[in-house]
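Chains, contacts and geometry: an overview
So you can see what is in the structure, the chains are spelled out below.
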Amino acid sequence: MPDAQAQQAAKLAAAKAALRFIEPGKVVGLGSGSTATLFIQLLGEKVQQGLDIKGIASSEDSEILGRKLGIPITDFDHHSTIDVAVDGADEVAPGLALIKGGGGKLLREKIVASACKRFIIVADDSKLVKELGAFPLPVEVIPMAVPLVTEKLRDLGFTPKIRQDKSGSGPYITDEGNILLDCSSSGIADPEVTAAEIRSIVGVVEHGLFLNMAERVLLAGADGSVREITVADYPAV
């Protein structure tokens, strides 16, 4: 496991690197999670210094933070396209295939990602993997369908577990009122096939496989250096 202080420094370096993609007058997608939160904080500082942008948040938490920092928040009623979105990831694999949703916000994160011209991932280099699946895949499910979906996910080779709220009061409830199943596996060899299989299960709202969405990943090391990775130049890991 990476040193926590070094990992935090790497996340901050990646978040700082993303600022150069933000231009005045643009609509910016605000991601969720620890690294995206750092980016929102840095963006808020730029807004306070006079940067003119609008934000569309991928979670209630990100919206609250953005407003607190003075970022003008808009929505899809007013802007149907996002110029650039910056978000984190739990795993980054070849082809910039991602697992997201560790923070529980995957549905809105994917909506934002689907609406943006440029989707940029910020992460520390511990997130780089050869194959997705060491991190349990989050699957968002309609509450009444949880038993049925759980059985079908087991048939696909997953071991689903209902995510619990950090307070210990019961299941974690998403912003849209759904349940998350965290699905452990021995690895996801073909993410495209797996994504289609999961989406075909009635009761599944969305899953944490983000495929063919990221334009690039800004990957930071413990020394603060940041690599830009695209599909074309994905390094051997």
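For the structure itself, consult the block above.
Calculation rules
- Residues numbered from 1 in each chain as written.
- Predicted model: local features only at pLDDT ≥ 70, side-chain atom pairs only at ≥ 80, totals over all residues.
- Heavy atoms only, no water.
- Helix = DSSP H or I, 4+ residues; strand = E, 2+ residues; numbered from the N terminus.
- Rg over C-alpha atoms; globule rule 2.2 N^0.38 Å.
- Buried < 20%, exposed > 50% of the residue type's maximum accessible area, 1.4 Å probe, protein only.
- Contact = heavy atoms within 4.5 Å.
- Areas by Shrake-Rupley, 256 points an atom, 1.4 Å probe, with all protein chains shown as cover.
- Lys, Arg positive; Asp, Glu negative; His and termini not counted.
- Charge placed at Lys NZ, Arg CZ, Asp CG, Glu CD.
- Pairing = 2+ DSSP bridges.
- Core = buried A, V, L, I, M, F, W, Y, C linked by side-chain atoms within 4.5 Å.
- Salt bridge = Lys/Arg side-chain N within 4 Å of Asp/Glu carboxyl O.

When you go through the protein residue by residue, the secondary structure sums to 6 helices and 13 strands. Scaling as 2.2 N^0.38, a compact globule of 237 residues should have a C-alpha radius of gyration of about 18 Å, and the protein matches this with 17 Å. Its C-alpha atoms give the protein principal-axis dimensions of roughly 55 × 40 × 35 Å. Counting the 237 residues in the protein, one finds 52% classified as buried. Put simply, 74% of the contacts in the protein that link residues at least 6 apart link residues at least 24 apart. For the protein, the accessible surface area stands at approximately 11,100 Å², while carbon and sulfur atoms represent 51% of it. Between the centroid of the 24 positive side chains of the protein and the centroid of its 32 negative side chains there is a distance of 3 Å.

Let us now look at the sheet that holds strand 4 (residues 91-93). Read from one edge to the other, the open sheet built from 3 strands follows the order 4-5-11, with strand pairing classed as antiparallel. Edge positions in the open sheet fall to strand 4 and strand 11 (209-210), since each of these has one partner strand only. Here 2 bridges tie strand 5 (residues 97-99) to strand 11, and the two strands are oriented antiparallel to one another. Bridge pairing in strand 11 links leucine 98 to phenylalanine 210.

Moving on, we get to the nonpolar core. Of all hydrophobic cores here, the largest spans 28 residues; its most connected members are Ile22, Val28, Phe39, Leu43 and Ile71. Counting residues per element, the ones that place at least two in this core are helix 1 (4-18), strand 1 (27-30), helix 2 (34-48), strand 3 (82-87), strand 6 (116-124) and strand 12 (216-220). In contact with phenylalanine 39, not counting residues within four places along its chain, are Ala15, Ala18, Leu19, Ile22, Val28 and Val86.

Turning our attention to the pattern of salt bridges. Here the structure, examined in full by the defined rule, presents 16 salt bridges. When the shortest N-O distance is used, the salt bridge between lysine 105 and aspartate 175 registers 3.5 Å. Taken together, the residues span a long stretch of sequence, with lysine 105 in the loop between strand 5 and helix 4 (106-114) and aspartate 175 in the loop between strand 8 (159-162) and strand 9 (179-184) at a distance of 70 residues. For lysine 105, a relative accessible area of 11% translates into the label buried.

Of note, the phi angle at leucine 96 is positive, near 55°, even though the residue is not glycine. Tracing the sequence through the fold places leucine 96 in the loop between strand 4 and strand 5. Residues other than glycine seldom take positive phi values, yet asparagine 212 does so here, at roughly 55°. Note that asparagine 212 resides in the loop between strand 11 and strand 12. Overall, asparagine 212 belongs to the exposed group, its relative accessible area being 65%.

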